[in-house]
Protein chains: 2
Amino acid sequence: MIEIDAFDLKMLAALQDDGRLTNQQLADLVGLSASQCSRRRMRLEEEKVISGYHADLAGEALDFGLIAFIHITLATHSPDNAKRFRELVNRVDDIQDAYALTGDADYLLKVILRDLKSLSDIINNVLMPHQSVAHVRSSIVLDRLKESAKLPLKTLG
Amino acid sequence: MIEIDAFDLKMLAALQDDGRLTNQQLADLVGLSASQCSRRRMRLEEEKVISGYHADLAGEALDFGLIAFIHITLATHSPDNAKRFRELVNRVDDIQDAYALTGDADYLLKVILRDLKSLSDIINNVLMPHQSVAHVRSSIVLDRLKESAKLPLKTLG
DNA sequence: CATTTCATGCATGGATTGTGCATGATCATG
DNA sequence: CATGATCATGCACAATCCATGCATGAAATG
């Protein structure tokens, strides 16, 4: 495993907050020179500790008003069936996140959509008819309390 | 609502994929000059269509090996109770996402943790004892099929 | 047609980036 | 203790990038 020191941690936390910080800004924040921050950042990127940088878009401003969670139970637990389902998940862009879970449901999907009609569409025309799927249960998001996508790095070092 | 044309959409999609794209790279991708991309990007940031830029960190490399979803039912639906619960959610860094849902459970939390002991901790020492909480049910993530955090912009324009 | 408005590309001074290089700290070994 | 190897660091600098002023041309307005 790659060695990560206190400087790296500070840099990671800072870049998690603002992914477009310049090396100089980073340097001022963590107490190193800009060149050193450049070198460390490149190392963290190469080692895939930083897997990428992304702009965070406001869904509301782009007419994505609806988030929903969909619990899926597969028809059978055969490898073939799981594979078919994974291909479905990868194909459908509306599915933002997908997890295999312990508990009563096999998979949990998070979808982001324009409206209830789109949700109805995806459930009735995409998920339900798919041969791998046995049961579907959806929950609509009424309110988004928190959506940080950040690792709680403070609990480290 | 802010006007968004095809150039903007292309830029947003590109920056969603790579938040550190240069104005020149952006220009090559969308077919404008770099200066124009700079201006458009600034506008999209000011209008909060782009709400921020974030480095995406690899949890595994930083010893965050466990993701879990926790369904919460509140003790009562009083405003006071909901407020107390929201404060709890905001205070606890391990809670990455939190949503109020339709359906049987009131809230869905996504937590990212080091191990099962941490999960046990947060359930038994943070959530269960809290006066606002009546019922807790957790599901552990066995596999992460997809975690894009991206809007499906292709379905637009 | 005349005027206004506005998005655009170009030019440019100032900031940013990555890399070569010398320095100093740390550490293992004789 | 002395020596040498290793490595992170800061500085210097050339290449690149950024934001802004400015002129142009297209579209809208009267």
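Structure: see above.
These figures come from a predicted structure and were not determined experimentally. (Residues numbered from 1 in each chain as written. Chains lettered and ligands numbered in written order. Predicted model: local features only at pLDDT ≥ 70, side-chain atom pairs only at ≥ 80, totals over all residues. Heavy atoms only, no water.)

J.: Hey, could you run me through the overall build of chain A in this one?
T.: A tally of helices and strands in chain A yields five helices and five strands. Written out in order from the N terminus, the α and β elements of chain A read α-α-α-β-β-α-β-β-α-β. Against the 2.2 N^0.38 benchmark of 15 Å for 157 residues, chain A shows a C-alpha radius of gyration of 20 Å, more extended than a compact globule. Its C-alpha atoms put chain A at 60 × 40 × 25 Å along the principal axes. In chain A, which comprises 157 residues, the share counted as buried stands at 48%. Sequence separation of 24 or more characterises 65% of the internal contacts of chain A that already satisfy a separation of 6 or more. Surface summary for chain A: the accessible area is close to 7700 Å², and the carbon and sulfur share equals 50%. (Helix = DSSP H or I, 4+ residues; strand = E, 2+ residues; numbered from the N terminus. Rg over C-alpha atoms; globule rule 2.2 N^0.38 Å. Buried < 20%, exposed > 50% of the residue type's maximum accessible area, 1.4 Å probe, protein only. Contact = heavy atoms within 4.5 Å. Areas by Shrake-Rupley, 256 points an atom, 1.4 Å probe, with all protein chains shown as cover.)

J.: How do you make sense of the pattern of salt bridges when you look at a structure like this?
T.: In a structure, side chains of opposite charge can pair up when their charged atoms sit close to one another. Residues and elements named next belong to chain A. A complete count under the given rule lists 24 salt bridges over all chains for this structure. Between E60 and R144 there is a salt bridge whose closest N-O contact spans 2.6 Å. Taken together, the residues span a long stretch of sequence, with E60 in the loop between β1 (50-57) and β2 (66-74) and R144 in strand β5 (residues 133-147) at a distance of 84 residues. By relative accessible area, R144 is classed as partly exposed at 39%. In this structure, a network of salt bridges that share partners links the residues D5, D8, R40 and R43. (Salt bridge = Lys/Arg side-chain N within 4 Å of Asp/Glu carboxyl O.)

J.: Help me understand the packing of aromatic side chains, please; the structure alone is not making it clear to me.
T.: The geometry of an aromatic ring pair comes down to the distance between the two centres and the angle between the two planes. Across all of its chains, the model carries four aromatic pairs over all chains by this definition. Relative to F69(B), the ring of Y99(A) lies with its centre 5.1 Å away and its plane at 65 degrees, an arrangement referred to as edge-to-face. Placement of Y99(A) in strand β3 (residues 95-101) and of F69(B) in strand β2 (residues 66-74) is noted, with the two residues assigned to different chains. Side by side, Y99(A) and F69(B) carry an identical accessibility label, which is buried. Ring geometry for F85(B) against Y107(B): centres 4.5 Å apart, planes inclined by 45 degrees, an arrangement best described as tilted. Placement of F85(B) in helix α4 (residues 79-91) and of Y107(B) in strand β4 (residues 107-113) is noted, with a sequence separation of 22 residues between them. Lying across the ring of F64(A), R114(A) places its NZ or CZ 4.1 Å from the centre. (Phe/Tyr/Trp six-rings, centres within 6.5 Å; stacked < 30°, edge-to-face > 60°. Lys NZ or Arg CZ within 6 Å of the ring centre and 35° of its normal.)

J.: Please clarify how unusual backbone geometry should be interpreted in this entry.
T.: Glycine aside, residues mostly have negative phi angles, and peptide bonds mostly take the trans form. A positive phi is found at D63(A), a non-glycine position, where the angle reads about 70 degrees. Residue position: D63(A) is located in the loop between β1 and β2. Overall, D63(A) belongs to the partly exposed group, its relative accessible area being 45%. Located in the positive-phi region is K48(B), a residue other than glycine, with phi close to 65 degrees.

J.: Could you clarify how one ought to interpret the relation of the copies chain A and chain B in this entry?
T.: Between the two copies of this chain, the relationship is a rotation about some axis together with a displacement along it. Rotating chain A by 180 degrees and moving it 0.0 Å along the rotation axis overlays it on chain B with an RMSD of 0.1 Å. The operation mapping one copy onto its partner corresponds to a two-fold rotation axis. In terms of C-alpha distance to the rotation axis, chain A has H54(A) as its closest residue, with the C-alpha 2.8 Å off the axis. With an isologous cut-off of 70% or more, the 100% of interface residues of chain A that recur at the interface of chain B puts this contact in the isologous class. (Least-squares fit on C-alpha atoms with pLDDT ≥ 70 in both.)

J.: When you look at the protein's contact with DNA strand C in this model, what are you seeing that I'm missing?
T.: Around DNA strand C, the surrounding shell holds 16 residues, and the nearest of these are N23(A), S38(A), S33(B), Q36(B) and R40(B). Between DNA strand C and the protein, one listed contact pairs a phosphate oxygen with a side-chain N or O atom of S38(A) at 2.7 Å. A distance of 2.5 Å is found between a phosphate oxygen of DNA strand C and a side-chain nitrogen or oxygen belonging to Q36(B). At five residues, helix α3 (residues 34-46) of chain A tops the list of elements feeding residues into the surface near DNA strand C. (Near = heavy atom within 4 Å. Polar contact = N/O pair within 3.5 Å; in protein donor to acceptor, adjacent residues only side chain to side chain.)

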